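# Survey of secondary and tertiary structure
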Amino acid sequence: MEKNLQTIIGVDKNNPHFTVYRDTKRKEILVYMGMALMETIPETGENNPQLKLLLARLFNANVKKSKLIEHFGHSYHTLKRWGDALKSGDPDILVQALGGQGTHKKLTKEIEGYISHRFASIYSTNKYTYSSELRTEIKKVFQLEISPETLRPLFNKLKEQYYQSKQCVEKKTL
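Here goes a summary of the coordinates provided.

Thresholds applied
Residues numbered from 1 in each chain as written. Predicted model: local features only at pLDDT ≥ 70, side-chain atom pairs only at ≥ 80, totals over all residues. Heavy atoms only, no water. Axes fitted to C-alpha atoms, helices over the stretch in contact; angles between N-to-C directions. Helix = DSSP H or I, 4+ residues; strand = E, 2+ residues; numbered from the N terminus. Parallel < 35°, antiparallel > 145°, perpendicular 65-115°, else oblique. Left-handed = near helix turned anticlockwise from the far one by under 90°. Contact = heavy atoms within 4.5 Å. Pairing = 2+ DSSP bridges. Salt bridge = Lys/Arg side-chain N within 4 Å of Asp/Glu carboxyl O. Buried < 20%, exposed > 50% of the residue type's maximum accessible area, 1.4 Å probe, protein only.

### Looking at the packing of helix α1 (residues 49-60) against helix α2 (residues 65-72)
Viewed as axis vectors pointing N to C, α1 and α2 meet at an angle of 160°, and their least axial separation amounts to 10 Å. Taken together, the axes of α1 and α2 are roughly antiparallel relative to one another. Between α1 and α2 the crossing geometry is right-handed. Counted together, L51, L55, L58 and F59 of α1 and K65, L68 and F72 of α2 form the full contact between these two elements.

### A short note on the sheet that holds strand β1 (residues 5-9)
On the basis of which strands lie adjacent, the open sheet formed by four strands has the order β1-β2-β3-β4 and antiparallel pairing. Unpaired on one side and paired on the other, β1 and β4 (36-42) mark the two borders of the sheet. Strand-to-strand, the axes of this sheet are offset by a mean angle of 30°, without reference to chain direction. Here strand β3 (residues 28-33) pairs with β4 via six bridges, running antiparallel. Counterpart to L30 in the pairing with β4 is T40. Across the sheet, α2 lies against β1, β2 (18-23) and β3, angled at about 135° from β1, the strand it touches most.

### Here we look at the pattern of salt bridges
Taken as a whole and assessed by the stated rule, the structure comprises six salt bridges. Across the pair E43 and R22 runs a salt bridge, and its minimum N-O distance is 2.8 Å. In this pair, E43 is assigned in the loop between β4 and α1 and R22 in strand β2, connecting sequence segments 21 residues apart. A relative accessible area of 25% places E43 in the partly exposed class. R118 is the partner of E137 in a salt bridge, and the nearest nitrogen-oxygen pair spans 2.7 Å. Of this pair, E137 sits in helix α6 (residues 130-142) while R118 sits in helix α5 (residues 109-125), placing them 19 residues apart in sequence. Take E137: its relative accessible area is 15%, and that puts it in the buried class. Here R118 falls in the partly exposed class, since its relative accessible area comes to 26%.

Here you go:
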């Protein structure tokens, strides 16, 4: 039987319980507590939520931070953000933290829904300043300012839908 395991993090005086291995053949991360296999995670790139949660748990378990940074390539602040989000117990905070870089996203599902609902009626009468008008409404309703750049991808999608629906109506009337 071939040995494919590489030790990533071994036990030491500060971490007497956890050993983390990389299985090079199966492309997996294995976590042992003593002799017991606790977890196996596929090593599928940087955006793997399972790996991020593992790193958050190891961070919170006080596994040596320099080893986590060295072997997994994430900064101390990133690991701390994931660990704090995991400790918070709030699923929204956890999703936000694991979702990637940046601050809290202003364009929530509620705001997207509001814009989607209002877009056609505003755009049909105001093709030049619809963005400004919608942003003013968002500020009134949600007490939040959102930049045009943040809204641009959503507006582009809604404009495409608007013109597709207009073409369908024109075909039906012919």
